[in-house]
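Given next are the chains, with one letter for each unit.
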Amino acid sequence: MSGKGYDLGLIWAFLANKSEEILELTGQHIVVVIISVLIAAVMGVGAGILVWNKPTGRGFVIAVAGVILTIPSMAMLALMIPSLGLGWVPTVVALSLYSLLPIVRNTIVGLREVSPAVLESAAAMGMTPLKVMFAVQIPIAWPVILTGLRVATQLAVGIAAIAAYVAGPGMGTYIFKGLSMLGAKNALNFALTGTICVILIALVLDAFFILITRITTSRGLRD
Amino acid sequence: MIKTTSTSGVGITLENVSKSYNSSAPAAVDNFSMNINPGEFIMLVGPSGCGKTTTMKMINRIIEPTSGKIIIDGQDVLSLNPSFLRRNIGYVIQQIGLFPHMTIAENISVVPNLLGWSKDKTADRVEELLALVELDGGSFARRYPKELSGGQQQRVGVARALAADPPVMLMDEPFGATDPITREKLQLEFLRLQESMHKTIVFVTHDFDEALKLGDRIAVLSAGSQIVQFDTPANILSNPANEYVSSFIGQGAALKSLALIDVAQAKLLPASAATSSPHSVATFDNLRTALDRVVLAGGHPVAVLDEAERVVGAIGIEEISDALGADVRNLSPEKAV
Ligand SMILES: Nc1ncnc2c1ncn2[C@@H]1O[C@H](COP(=O)(O)OP(=O)(O)OP(=O)(O)O)[C@@H](O)[C@H]1O
Ligand SMILES: [Mg+2]
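Residues numbered from 1 in each chain as written. Chains lettered and ligands numbered in written order. Predicted model: local features only at pLDDT ≥ 70, side-chain atom pairs only at ≥ 80, totals over all residues. Heavy atoms only, no water.

**Points about the pairing of strand E12 (residues 302-305) of chain B**
Residues and elements named next belong to chain B.
Here comes step 1: By the bridge criterion, three bridges tie strand E11 (residues 280-282) to E12 in an arrangement that is parallel. Looking at E12, one finds that Val-281 is bridged to Val-304.
Here comes step 2: Once the chain exits E11 it traverses helix H11 (residues 287-296) before rejoining the sheet at E12, and the crossover so formed is right-handed.
Here comes step 3: Where E12 meets strand E13 (residues 311-315), four bridges bridge the pair, whose relative direction is antiparallel. (Pairing = 2+ DSSP bridges. Helix = DSSP H or I, 4+ residues; strand = E, 2+ residues; numbered from the N terminus. Right-handed = clockwise from strand over helix to strand, strands pointing away.)

Structure representation (structure tokens):
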């Protein structure tokens, strides 16, 4: 980035000047991702639990979540404006929908990977079906489910940057601002700051997931 | 630490029990009836696919019967809540099915926890059971299943099934996946446990020698879980109902019978008849061991020692053969080959 007419040293002044706003947008970005992934987790894990052992049901759920992911994000956000307006709401809805596929797919894969002998033993010892699910099957599938959440989070961090298109929260605001004023004095500073912050958010959240995985995975399941 | 009192077995009755997995195929279990006495160790033996597992799993309703009645201790199991029913039935399968995310102690605590035992009582029981299956020491309690050998995992499987001291145990080829030496050891240990526990056990195997070694009675099954013969090991060896049963017994019925009879049951020669060979046999050994020693002694009688290692007599080929004849009157020479 040593383009003609751009002085890298200027970015420090820019950052110092805008630090408060940058922090706020970064915070918004993280919050909107977390809210969306949590909603998607409830829906995705819930759907996974309901359909993991039903071939038609799980085919249907994965197909639907897969189709959602193929809708271009700009189009999805634009489609939401008439009913949901601008701002946080369409952003959260869109991000939740996009996050669904990795979560629901990994939930189904994880639950199906639990050995039938283990499930049979659990039932034969007198666990109720609910107890088998929550005390045996989900804990064993947990690392796989977490991986789904992690992938969904990365996906959401990236797509959240585009939510600025519907006046959504987050670092996308800077990227869009930069792009819309190309050639102006601070255009590159805005775009660059926005992009780098998004990458940093992704790295930080990923590190957080590695930590959570370490802490919450039974030693008996680690290789 | 080892518990001396435990809940002993209760009777089990299966009445015209059938199971069809799908209506086009013949029933996997066809009209099966059996009466099992309290504390009895029952073996179900038969070829692959004959319906042994299906029959056994209907007792704790892992598989629901298509028709028929199953009564445990006077109660119709089909009228009970399956989860509550199963907490009183120990269950051990070949694949073991330990919970990989739980420690050994947590695995063993599953049923006690379901039954609402206190922490202290459960912890004491875990310690007691680990001692019982010879896994005390070595911090086994805090290890995870993957940190144990196959044989050790199977012991944990047995301990877990015994945790809440159920009167009934269902075992589906529990030792089938272990090597022959480990299997033999596990069999003997389990037999020793059963001597003090007197559980009612339904044990599935396709190893007839295992059935002979462990069972009080053996049910030889054919396709559709049809009972071809249901009798004590000695009676099945001496009186196989038909060719089918004989084919299960295989070669060496006489030798297998000898393994079931103690030296104490044979008429002994006076002690003076023993040769001066260093070989001897104990009263609590079986006649197969006695025969082994006699052969080693060049075919001459060997001394018989009691528990205090005093010579109480001698035993030779003829005494062994007579004991077999007395116990197994109908063992004809050609069957004895
Ligand atoms: N879940 C199932 N669905 C359909 N058929 C089944 C099912 N389980 C067992 N069967 C069939 O029922 C019959 C009896 O099976 P079962 O498992 O009881 O045999 P088994 O005597 O235990 O055999 P093995 O010694 O190989 O374990 C077999 O023909 C088998 O194919
Ligand atoms: Mg079987």
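**Brief notes about the site of ligand 1**
Residues and elements named next belong to chain B.
Here comes step 1: Close to ligand 1 lie Tyr-21, Ala-28, Pro-47, Ser-48, Gly-49, Cys-50, Gly-51, Lys-52, Thr-53, Thr-54, Glu-173 and His-206, which account for all nearby residues.
Here comes step 2: One of the side-chain nitrogen or oxygen atoms of Lys-52 is found 2.7 Å away from an oxygen atom of ligand 1.
Here comes step 3: Thr-53 places a polar side-chain atom, nitrogen or oxygen, 2.6 Å from an oxygen atom of ligand 1.
Here comes step 4: About the coverage of ligand 1: the protein hides 55% of its 640 Å² of free accessible area.
Here comes step 5: Its residues assigned to classes, the shell around ligand 1 shows four nonpolar, six polar and two charged. (Near = heavy atom within 4 Å. Polar contact = N/O pair within 3.5 Å; in protein donor to acceptor, adjacent residues only side chain to side chain. Areas by Shrake-Rupley, 256 points an atom, 1.4 Å probe, with all protein chains shown as cover. Nonpolar A, V, L, I, M, F, W, Y, C, P; charged D, E, K, R; others polar.)

**Re a nonpolar patch on the surface**
Residues and elements named next belong to chain A.
Here comes step 1: A surface patch of nonpolar side chains, amounting to about 540 Å² of accessible area, comprises Val-31, Ile-35, Ile-39, Met-43, Leu-84, Trp-88 and Val-89.
Here comes step 2: Elements that contribute at least two residues to the nonpolar patch include exactly helix H1 (10-51) and helix H4 (88-113).
Here comes step 3: Of the residues forming the nonpolar patch, the biggest block, four residues, is contributed by H1.
Here comes step 4: For Leu-84, a relative accessible area of 32% gives the class partly exposed. (Patch = residues over 30% accessible without salt bridge, like charges linked within 9 Å, V, L, I, M, F, W, Y side chains within 5 Å. Salt bridge = Lys/Arg side-chain N within 4 Å of Asp/Glu carboxyl O. Buried < 20%, exposed > 50% of the residue type's maximum accessible area, 1.4 Å probe, protein only.)

**Brief notes about the interface of chain A and chain B**
The parts lose accessible area when they come together, and the size of an interface is often stated as this lost area.
Here comes step 1: The partner chain B presents 26 residues to the 22 residues of chain A that form the contact.
Here comes step 2: A combined buried area of about 1900 Å² lies between chain A and chain B, and 63% of that area is made up of carbon and sulfur atoms.
Here comes step 3: The interface formed by chain A and chain B contains two salt bridges.
Here comes step 4: For the salt bridge of Arg-219 of chain A with Glu-147 of chain B, the shortest nitrogen-to-oxygen distance reads 3.1 Å.
Here comes step 5: The tally of links from chain A across to chain B stands at 12 residue pairs in polar contact (both at pLDDT 80 or more).
Here comes step 6: When contributions to the side of chain A that touches chain B are tallied by element, the ones reaching two or more residues are helix H5 (116-124) and helix H6 (129-160) of chain A.
Here comes step 7: Its residues assigned to classes, the side of chain A that touches chain B shows 12 nonpolar, five polar and five charged. (Contact = heavy atoms within 4.5 Å. Buried area = accessible area lost by both parts, 1.4 Å probe.)

**Looking at a negative patch on the surface**
Here comes step 1: A cluster of like negative charges, contributed by Asp-120, Asp-124, Glu-127 and Asp-136 of chain B, occupies part of the molecular surface.
Here comes step 2: Summarising the element assignment, Asp-124 of chain B is placed in helix H4 (residues 119-132). (Lys, Arg positive; Asp, Glu negative; His and termini not counted. Charge placed at Lys NZ, Arg CZ, Asp CG, Glu CD.)

**Points about the sheet that holds strand E8 (residues 200-205) of chain B**
All names here are of chain B.
Here comes step 1: Pairing in this open sheet of six strands is mixed, and the strands run E6-E7-E8-E3-E9-E10 from one edge to the other. In this open sheet, the two edge strands, each paired with only one partner strand, are strand E6 (89-93) and strand E10 (226-231). When strand polarity is set aside, the average angle formed by the axes of neighbouring strands in this sheet is 15°.
Here comes step 2: By the bridge criterion, five bridges tie E6 to strand E7 (residues 168-172) in an arrangement that is parallel. (Axes fitted to C-alpha atoms, helices over the stretch in contact; angles between N-to-C directions.)

**Details of the UniProt feature "transmembrane region" (unreviewed entry) in chain A**
All names here are of chain A.
Here comes step 1: If you check UniProt for "transmembrane region" (unreviewed entry), the listed places come out as residues 30-52, 59-81, 140-167 and 187-212 in our numbering.
Here comes step 2: As a span, residues 30-52 carries 96% helix and 0% strand, and end to end its C-alpha atoms are 31 Å apart.
Here comes step 3: Helix makes up 100% of residues 187-212 and strand makes up 0%, while its end C-alpha atoms are separated by 38 Å. (UniProt positions renumbered as here; feature names shortened; annotations may be inferred.)

**Details of the packing of aromatic side chains**
Residues and elements named next belong to chain B.
Here comes step 1: For the structure shown, the criterion picks out 10 aromatic pairs over all chains.
Here comes step 2: Ring geometry for Phe-208 and Phe-248: centres 6.4 Å apart, planes at 50°, overall tilted. In this pair, Phe-208 is assigned in helix H7 (residues 208-214) and Phe-248 in helix H9 (residues 243-249), connecting sequence segments 40 residues apart. Each of the two residues, Phe-208 as well as Phe-248, counts as buried.
Here comes step 3: Among the aromatic residues, those joined into a ring-pair cluster are Phe-41, Phe-175, Phe-190 and Phe-203. (Phe/Tyr/Trp six-rings, centres within 6.5 Å; stacked < 30°, edge-to-face > 60°.)

**Some points on helix H2 (residues 55-70) of chain A**
Residues and elements named next belong to chain A.
Here comes step 1: Between the first and last C-alpha of H2 there are 23 Å, a value that for 16 residues agrees with the 22 Å anticipated at 1.5 Å per step.
Here comes step 2: Those residues of H2 lying buried are Arg-58, Val-61, Ala-65 and Ile-68. Down the axis of H2, the smallest arc covering the buried residues is 95°, so these residues share one side. Turned more than 90 degrees away from the buried face of H2 sit Pro-55, Thr-56, Phe-60, Val-67 and Thr-70, all of them exposed. (Expected span 1.5 Å × (residues − 1). Arc of directions from axis to C-beta.)

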